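Structural overview
So you can see what is in the structure, the chains are spelled out below.
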Amino acid sequence: MNLPSRLMAATALALLAACQPDTNQDDARQAFRVALEAQLADHAEPIRSFYAERSYQPLWLRLDAGWLQDSDWSDEARQLADAVSQSHTHGLPASRYRPDDIAQWLDAPPPDDANRRAEVERELTQRYLTLASDLTRGRFDADTRAPAWHIARPAFSPGAALASLEESGVAASLAAMPPQSEAYAHLRRARPRLKRIIEAGDWPTLHVQGLIQPGDAHAAIPDLRKRLAMEGDLDDAEQAQAANDPTLYDDATVQAFIRFQRRHGIEPDGIVGEEALAMLGYTAAQRLEQVDANLERLRWLPRDLGADRIMVNIAAYVLDAYRGHELSLSMPVIVGEEQHQTPAFDDRLAYVEINPYWTVPNSIIVNEMAHKIAADPHYLADRNMIVQADWPLDAEIIDPASIDWQRYSTPDARFPFVLRQKPGPDNALGRIKFMFPNQFSIYLHDTPAQHLFDEADRTFSHGCIRVADPLALSDLVFAHTDGWDRSRVAHTIESGEHTRVNLAEADRLPVYIYYSTAWVDADGTLHFRPDRYERDASLMLAFRRARSQTPAARTPDA
């Protein structure tokens, strides 16, 4: 038989063999099934059910890749490797998902041993579910990571994540899991610029004694100018103006620095002083870590915040109100002092009080007022305050002179009566109070101290949130509550009568009080705020502790 004939015969035999039942592949599938069932025996039910429904066929590798090739990695496995390599764009540490292991597996053919194949299958499923859970609800499950956060985090279902994976593929299923909001997308897009600055050797940090005033000459100005340029506050044309005298703190640099101050929540006076230098002292790596901390907190928020809602960013001292997903109102707010921090939580508006009474909390009575009342018999009358026997507004009024106030001037004291300030122009709550009853006794209200809204740092309250324009907020809140327009609200205020208005269902807006020290505005400008409550600091500490531990992918609970 000549050579061509022998080749034709060999080919025919091979084709005939390919048409016969492949007992070797059947044996491999059965061995894999037995091994995978054993691997998953202690795993959560959704994962076992997922593989049982697919008859324990592998997801991440193909046991019969084709003629003359026994097995290979699936497209899903390569998509997972890509997703893990890009997890840093969400502020997540790729090391958490062991990318080196995945790369090592995919760089070689799948192992021959059924037990090893099943082990790798299980490991890749764990990596997918860990990444999916982190994108859905954040990295840290324990509430102790964020003791002042009381907004329920999005639920994560391993079963649903695996079903999405099978239906849509790795890339599409993971892309749908993080927040789809503009706030999240814009903040993610701020990361590459910071990364480039870090890779280029960082921006200069200034070390200056005293103040630099506009018009001063100072050796630090070239570094300031470079820093402002790197962050986008100073453009090339403005830099060129300083060529004749690079140490002069000229007007173009002053205006650029004012933009820097506004972006960082500092008084925009153009003076390089103590607070500004503190902001200039951050490295790009620290700012990147701050961005990542805020991406993490955005993942903690509900995915559907509602078309109509009120959002209060504690760290930015700003209230934003939305109707039909459109920003309808924005105003400054005052939040809790550092020793009286406003917690992050959510609730729903229920009613509005016009000309409210202020019921003084026990903590304020015993820590701040009782000793003053004891020393000054006119203290309460001067402030339009009364003492009542019980909580109802019509409860018996008690003569304050009959009370031993000194007895209630220690932190562990319990005042047995009710101390109230009556409605009026000097009432601590102002003229309007927006109520969403909650465990923290936190609400939105007016204030007679309007001058405090001019301050850059607005941490002045005992935890409640004072709003700059309560009438504008009432316009938005009363949109569907019949009869309550601006004129009626103003008339009721003038009457001085305490009035409660129950809101129509459509006006019972959800209120989200959250903490975000980094965000990107509609113009693409990156903003930072001081971490007054040190909530970034605690979250970053958790990040560092996690990095110091051996990375371990986990399978999230159902």
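Shown above is the structure to which this text applies.
Conventions used here
- Residues numbered from 1 in each chain as written.
- Predicted model: local features only at pLDDT ≥ 70, side-chain atom pairs only at ≥ 80, totals over all residues.
- Heavy atoms only, no water.
- Buried < 20%, exposed > 50% of the residue type's maximum accessible area, 1.4 Å probe, protein only.
- Helix = DSSP H or I, 4+ residues; strand = E, 2+ residues; numbered from the N terminus.
- Pairing = 2+ DSSP bridges.
- Contact = heavy atoms within 4.5 Å.
- Axes fitted to C-alpha atoms, helices over the stretch in contact; angles between N-to-C directions.
- 1 Å grid on protein atoms, 1.4 Å probe; cavity = no way out; pocket = protein on both sides within 12 Å on 5 of 7 lines; lining within 4 Å.
- Points joined across faces, edges and corners; volume = space filled by probe spheres on them.
- Nonpolar A, V, L, I, M, F, W, Y, C, P; charged D, E, K, R; others polar.
- Expected span 1.5 Å × (residues − 1).
- Core = buried A, V, L, I, M, F, W, Y, C linked by side-chain atoms within 4.5 Å.

What follows concerns the pairing of strand β3 (residues 309-313). Both faces of the sheet carry side chains from a regular strand, because those side chains alternate between them. Burial of β3 is extensive: 5 of the 5 residues sit out of reach of the surface. Neither face of β3 is open: one carries R309, M311 and N313, the other I310 and V312, and all of them are buried. Both β3 and strand β4 (residues 318-323) contribute to a ladder of 5 bridges, which runs antiparallel. In the strand pairing of β4, M311 is matched with D320. Taking the residues that link successive antiparallel strands as the turn, the β3-β4 hairpin has 4 residues, and the phi of Y317 there is positive, at about 55°.

Here we take up the sheet that holds strand β10 (residues 397-398). What links the strands of a sheet is backbone hydrogen bonding, and the strands pair in either a parallel or an antiparallel sense. With antiparallel pairing, the 4 strands of this open sheet are ordered in space as β8-β11-β9-β10. What marks the edges here is a single partner per strand, and that holds for β8 (358-359) and β10. Here β8 runs beside strand β11 (residues 418-421); their pairing, made up of 2 bridges, is antiparallel. In the sheet register, W358 faces β11, and the bridge partner there is Q421. Against the sheet, helix α16 (residues 362-375) engages β8, β9 (385-388) and β11, with an angle of about 75° to β11.

On inspection of all chains with the given rule, the structure shows 1 cavity of 30 Å³ or more. Reported here for the largest cavity is a volume of approximately 40 Å³. Looking at the lining of the largest cavity residue by residue, the classes come out as 5 nonpolar, 2 polar and 1 charged.

Moving on to helix α13 (residues 251-263). Note: α-helices contain 3.6 residues per turn, so residues at a spacing of three or four share the same orientation. Its 13 residues place the ends of α13 18 Å apart at the C-alpha level, agreeing with the 18 Å of an ideal helix rising 1.5 Å per residue. All of the buried residues along α13 are A252, T253, V254, A256, F257, I258, F260, Q261 and R263. Packing partners of the buried residues in α13 comprise α11 (221-230), α12 (236-240), α14 (274-280) and β19 (526-528). At the exit of α13 stands G265, carrying a positive phi of roughly 70°.

It is worth spelling out the side chain of Q290 at this point. On the secondary structure map, Q290 appears in helix α15 (residues 284-300). Owing to a relative accessible area of 3%, Q290 belongs among the buried residues under this scheme. Setting aside chain neighbours within four positions, we find Q290 in contact with T517, A518, F528, R529, D536 and M540.

Our next topic: the layout of surface pockets. Quantified by volume, the largest pocket comes out at close to 1100 Å³. Mapped onto the lining of the largest pocket, the elements with two or more residues apiece are α9 (182-189), β3, β4, β5 (326-336) and β18 (518-520). Residue composition of the lining of the largest pocket, grouped by class: 18 nonpolar, 9 polar and 6 charged. Space inside the second largest pocket adds up to approximately 990 Å³.

This part is about the environment of A81. Take A81: it is sitting in helix α4 (residues 75-85). For the pair A81 and D100, spaced 19 residues apart in sequence, the C-alpha to C-alpha distance is 9.5 Å. Beyond its immediate chain neighbours, meaning those up to four positions away, A81 contacts I102 and L106.

Looking now at the nonpolar core. Ranked by size, the top nonpolar core spans 62 residues in total, and within it I310, L319, L419, L444, L473 and V477 carry the most contacts. Tallying contributions element by element places α16 first for this core, with 6 residues. Apart from the residues lying within four places of it in its own chain, the contact partners of L319 are I310, M311, V312, L329, S330, M331, V333, L444, V467 and L473.

Our next topic: the pairing of strand β17 (residues 510-514). Of all 5 residues in β17, 5 are buried; the element is thus mostly enclosed. Because side chains alternate across β17, one face comprises the buried residues P510, Y512 and Y514, and the other comprises V511 and I513, equally buried. Inspection of the sheet shows β3 paired to β17 by 4 bridges, in the parallel sense. Bridged to I310 within β17 is V511.

Don't take any of this as a statement about function, it's just geometry.
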